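Listed here are the chains, written in short residue letters.
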Amino acid sequence: MKNKTAQNNADVDMTPMLDIAFILLIFFIVTTSFIKPIAIEIQRPLDKPTINKQTKSATFSIDEHNAVYFSGRLIDLEQITNNLAMFAAKYKVSAVLIKAHENSKHNTLMRVMDNIKEYEDYTISLISE
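As the structure is a computational prediction, the values presented were derived from the model and not from experiment.

Turning our eyes to something else, we now look at the overall build of the protein chain. Helix and strand content of the protein chain: three helices and five strands. Listing the helices and strands of the protein chain from first to last along the sequence gives α-β-β-β-α-β-α-β. Computed over its C-alpha atoms, the radius of gyration of the protein chain comes to 39 Å, more than 25% above the 14 Å expected for a compact globule of 129 residues. Overall, the protein chain is about 120 × 60 × 20 Å in size when its C-alpha atoms are taken along their principal axes.

Another point: the packing of aromatic side chains. Considering all chains together, one arrives at five aromatic pairs under this definition. Ring centres of Phe70 and Phe87 lie 5.6 Å apart, and the angle between their planes is 85 degrees; on these two criteria the pair is classed as edge-to-face. Taken together, the positions of Phe70 in strand E2 (residues 68-70) and Phe87 in helix H2 (residues 80-90) put the pair 17 residues apart, joining distant regions of the chain. A single burial state applies to Phe70 and to Phe87, both of which are buried. Residues Tyr119 and Tyr122 carry aromatic rings whose centres are separated by 6.3 Å and whose planes lie at 40 degrees to one another, so their mutual orientation is tilted.

Given 3.6 residues to a turn, an α-helix orients residues that are three or four positions apart in the same direction. For H2, the complete set of buried residues consists of Ile80, Thr81, Asn83, Leu84, Phe87 and Ala88. Taken around the axis of H2, the buried residues stretch over an arc of 160 degrees, which confines them to a single face. What points out from H2, more than 90 degrees from its buried face, is the exposed set Met86, Ala89 and Lys90. The inward-facing, buried residues of H2 contact strand E1 (55-62), E2, strand E3 (73-75), strand E4 (92-100) and helix H3 (106-119).

Another aspect to go through is the pattern of salt bridges. Counting across every chain of the model gives two salt bridges. Its salt-bridge partner being Glu78, residue Arg111 comes within 3.2 Å of it at the nearest N-O pair. Placement of Arg111 in helix H3 and of Glu78 in the loop between E3 and H2 is noted, with a sequence separation of 33 residues between them. A salt bridge links Lys117 to Asp121; the nearest nitrogen and oxygen atoms lie 2.7 Å apart. Under the relative-accessibility criterion, Lys117 is labelled partly exposed at 39%. Note on Asp121: relative accessible area 64%, which makes it exposed.

What follows is about the side chain of Ser104. Structurally, Ser104 is set in the loop between E4 and H3. A distance of 2.7 Å separates the side chain of Ser104 from the backbone oxygen of His101, its partner in a polar contact.

Counting 20 residues, the largest nonpolar core has Phe60, Val68, Ile80, Val96, Ile98, Val112 and Ile116 as its most contacted members. Of all elements in the fold, only E1, E2, H2, E4 and H3 reach the threshold of two or more residues within this core. Considering every element that reaches this core, the biggest residue donor is H2, with four residues. Ignoring sequence-local partners within four residues, the contact set of Ile80 consists of Phe60, Val68, Ile75, Val112, Asn115 and Ile116.

Conventions we followed
- Residues numbered from 1 in each chain as written.
- Predicted model: local features only at pLDDT ≥ 70, side-chain atom pairs only at ≥ 80, totals over all residues.
- Heavy atoms only, no water.
- Helix = DSSP H or I, 4+ residues; strand = E, 2+ residues; numbered from the N terminus.
- Rg over C-alpha atoms; globule rule 2.2 N^0.38 Å.
- Phe/Tyr/Trp six-rings, centres within 6.5 Å; stacked < 30°, edge-to-face > 60°.
- Buried < 20%, exposed > 50% of the residue type's maximum accessible area, 1.4 Å probe, protein only.
- Arc of directions from axis to C-beta.
- Contact = heavy atoms within 4.5 Å.
- Salt bridge = Lys/Arg side-chain N within 4 Å of Asp/Glu carboxyl O.
- Polar contact = N/O pair within 3.5 Å; in protein donor to acceptor, adjacent residues only side chain to side chain.
- Core = buried A, V, L, I, M, F, W, Y, C linked by side-chain atoms within 4.5 Å.

Rendered as structure tokens:
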């Protein structure tokens with residue numbers, strides 16, 4: 001029979017190494033200098049700038065074939081809000097005027113009015129020829 005030799009298990013105690021790691025971590029945290037980021041101070045105006053825009057009325061026309069015109073230019077029904085937005089960027093809109101031909105369809109007039117109200121709640125006036 002063979003003699004069994006007892007093997008000694010060499011256990012390594014990790015506690016001192018963890019203590020050193022935490023001490024080093026605490027040392028680096030304490031000695032690190034935190035620098036505030038340097039910011040540029042901006043002095044903003046207290047009041048909003050006023051832009052003097054000329055006051056105008058936006059005029060839409062509907063002919064007998066239900067074609068829609070804005071300021072004498074033919075536009076698509078889906079482009080009413082875009083045209084009105086460009087007009088409002090340039091001028092202060094006092095009212096929106098719609099001149100519809102007597103043979104135009106009511107549906108076209110209502111779509112024009114709905115698109116105008118979708119953009120802004122302007123006063124809409126109907127003009128007869």
